[in-house]
Amino acid sequence: MIRCVKKMALQAGLCLMASVAAGQERTPPRERFPADLDRYIAQVRAAWQIPGIAIAVVRNDSTLVAKGYGVRELGKPGLVDENTVFDIASLSKSFTATAAAILVDRGRLRWDDPVRRYLPTLVLPSAELDSTTLRDFLGHRTGLDAANMMWALTAVDRAEVLRRVRYLSVVAPPRQQMVYSNVGYTVAGEAAAAAAGTTFETLLRDFVIKPLGLTSTTWSYEQAARMPNLAVSHATIAGRQQPIRRETQRGAIPGAGAVQSTASDLSRWMRLHLNNGVLDGTRVVSDSAMREMHTIQVPIATTPAMRAARLVEGSVVGYGMGWQIMDYRGHPMWWHTGNGDGQIAFMVLLPRDHLGVVVLVNTWSAPSVHAALINRILDTYLGYEPRDWAGEALARVPALVRAQDSAARAMVSMRSTAPPPLPLERYVGRYDQALFGPVFIRMSPAGLTWQMGAGQTADLEYHGDGAFFLRWRDPLYRESFGTHAQFATRGDTVTSVTVRINRDEFTAIKARGWPGTEMVVVSGDPFAPGPFVFRFRMPSGYWICPHTHPVDARIRVVSGVFVVGMGSTLDTSRVRALGPGRGAVLRAGRAHFEGTRHETVVEVSGTGPWGIRFVDPRYDPAAAGAVRCGA
């Protein structure tokens, strides 16, 4: 049985090795759907042990074929047909861009409007990004990091995803390169919905899906679970391909992946785009708005090897809005893939040839098969000599499996028989990181556990040198995201933990908050040498009694009212009130006290190690038997 994880599928799915030679053109088929192509797809499904496949081909504004192969779920008789609902995942991005295009046509927004015009409470990581536009987000050219593990593992909702945008890293200059971002498409979708005065789901339903007659297409991810003709997701878990649970977090990023659809409905979608916004004789989107979507907004760097493997002959490669843009054997091409939990999709449009193809597959256990089938179908209708793209890809799978097995054996060999450097209870606690946290380390009868907020849980297995292996309890994530967490200690105290999950790496600081308060580290480690930024949330009427800091501390009020007084005696009548946006510098060694008039969030920055030393230790809220400040 073929084994594959999501990361492997992402890396291998579009990188089919191919000779540079394109072959000689021949006469395209006269049949709408050649019998030999039909047999080939059926044979590929059997050879790859794929539960189900659906395809659709359109040409010259006509659907040539929309058809299913195999079953919706292994071990059950329900067959895949042209109306079986598949998870198309990131193909949803073309739906989000098209919804925005319709609003542009109606004068409700403009491509180059700053998104904060419609989302005024959205906080971007720096003031320089406040002018970032809808076009920037739809074109993946904001320069903001993807941070997929922030929403995938943490159980945050859509509002929290938007709130955490402020903590995203800037990894590239704006408008200079593509940084693919599901969070960015969530921002774009919410901005478009706000411009329309509605929710994102209603925007998709009322402006796109219903007007186009897409009768089995969803406008929210949760809808499909209630549909009778639904393709079940599959993946290889512990060496056996099997059905897996539906993803739980897609509702947090609807602009990036809300849509599920069928081969039949997607044939209408392809006809709309190939016909520049016209479907069944009715113009839905203006020609100018369609051109904007299908025009490169940011280039994508390529290599000779990539161009040879993908048969890219001479075009500039880039991302439009909802579509990637390049060529196939010299034929201009718009395309996108989708990769949901346990399903993969690939859609290709050749505008000069008026040809569109979509392939939907309900398993992760067939890496790159969707791209192989697309190539074979394109070659057939373009008149190129048939080639066994899928057979070539299948021949490479054993090497992928061997590499995966080798990595798993290496992980097992790292298990340590020695105990961790500190007793397990010293690791227990809350660890804060603004974007990915909090992380909760707890004690269970079997040992330590790790939980991402209210989301995914892993058991921790000690592997030596302060590193613990994260064995996720969800079988799919256990196959996909196995990794190590490295704990840092100072003496007999655990101070932080660093982990890399898939492509996201972060350090979470062990919380040292006081009852009723919350400390969230934005960057650095306040208790270690070097620059730091953290935010401190306090309830209304909270007082911090006179104390000093070992280093200068710069404070800025984020929300609420913060009051500051100087001196070693608490005198609440002699304070200065600071509202949102205002700040002060609290000098090292100078005694002062603070309080709140409402629930207040203060951002503190400086160069550590930072700390608090109370003038009277009895008023330290972290001390046993502490006296309430002001009592």
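A brief report on the enclosed structure follows. Note that the structure is a prediction, hence the values are computed from the model and not measured. (Residues numbered from 1 in each chain as written. Predicted model: local features only at pLDDT ≥ 70, side-chain atom pairs only at ≥ 80, totals over all residues. Heavy atoms only, no water.)

## Digging into unusual backbone geometry
Here is the rule we go by: A run of H or I in DSSP becomes a helix once it reaches four residues, and a run of E becomes a strand once it reaches two; helices and strands are each numbered from the N terminus. Note on exposure labels: buried denotes an accessible area under 20% of the residue type's maximum, exposed denotes more than 50%, and partly exposed covers the range between, all computed with a 1.4 Å probe on protein chains only.
Cis geometry is found at the peptide bond from glycine 437 to proline 438, where omega equals 0°. Following the sequence through the fold, proline 438 ends up in the loop between strand E15 (429-432) and strand E16 (439-444). Cis geometry is adopted by the peptide bond preceding proline 609, which originates at glycine 608 and carries an omega value of 10°. You can see proline 609 is positioned in the loop between strand E31 (600-608) and strand E32 (613-614). Phi at aspartate 61 is positive, roughly 60°, even though this residue is not glycine. On the secondary structure map, aspartate 61 appears in the loop between strand E1 (52-59) and strand E2 (62-70). By relative accessible area, which is 36% here, aspartate 61 ends up partly exposed. Backbone geometry at leucine 311 places phi at a positive 55°, although glycine is not the residue there. Here leucine 311 is to be found in the loop between helix H12 (304-309) and strand E10 (318-319). Exposure remark for leucine 311: the relative accessible area of 5% places this residue in the buried category.

## Quick look at the packing of aromatic side chains
Two aromatic rings are characterised by how far apart their centres lie and by the angle between their planes. Applicable threshold: A pair of Phe, Tyr and Trp rings is counted when the ring centres sit within 6.5 Å of each other, with Trp represented by its six-membered ring. The angle between the planes then sorts it: under 30 degrees is stacked, over 60 is edge-to-face, the rest tilted.
A full pass over the atoms with the stated rule returns twelve aromatic pairs. An angle of 70° between the planes, with centres 5.3 Å apart, marks the rings of tyrosine 427 and phenylalanine 468 as edge-to-face. Here tyrosine 427 is found in the loop between helix H14 (389-413) and E15, whereas its partner phenylalanine 468 is found in strand E19 (residues 467-472), with 41 residues between them in sequence. Both residues of the pair, tyrosine 427 and phenylalanine 468, count as buried. Here tyrosine 462 and phenylalanine 468 contribute two aromatic rings whose centre-to-centre distance is 5.0 Å and whose plane-to-plane angle is 55°, an arrangement assigned as tilted. Each of the two residues, tyrosine 462 as well as phenylalanine 468, counts as buried. In textbook terms, an aromatic cluster arises when at least three aromatic residues are bridged by ring pairs, as seen for Tyr427, Tyr431, Tyr462, Phe468 and Phe487.

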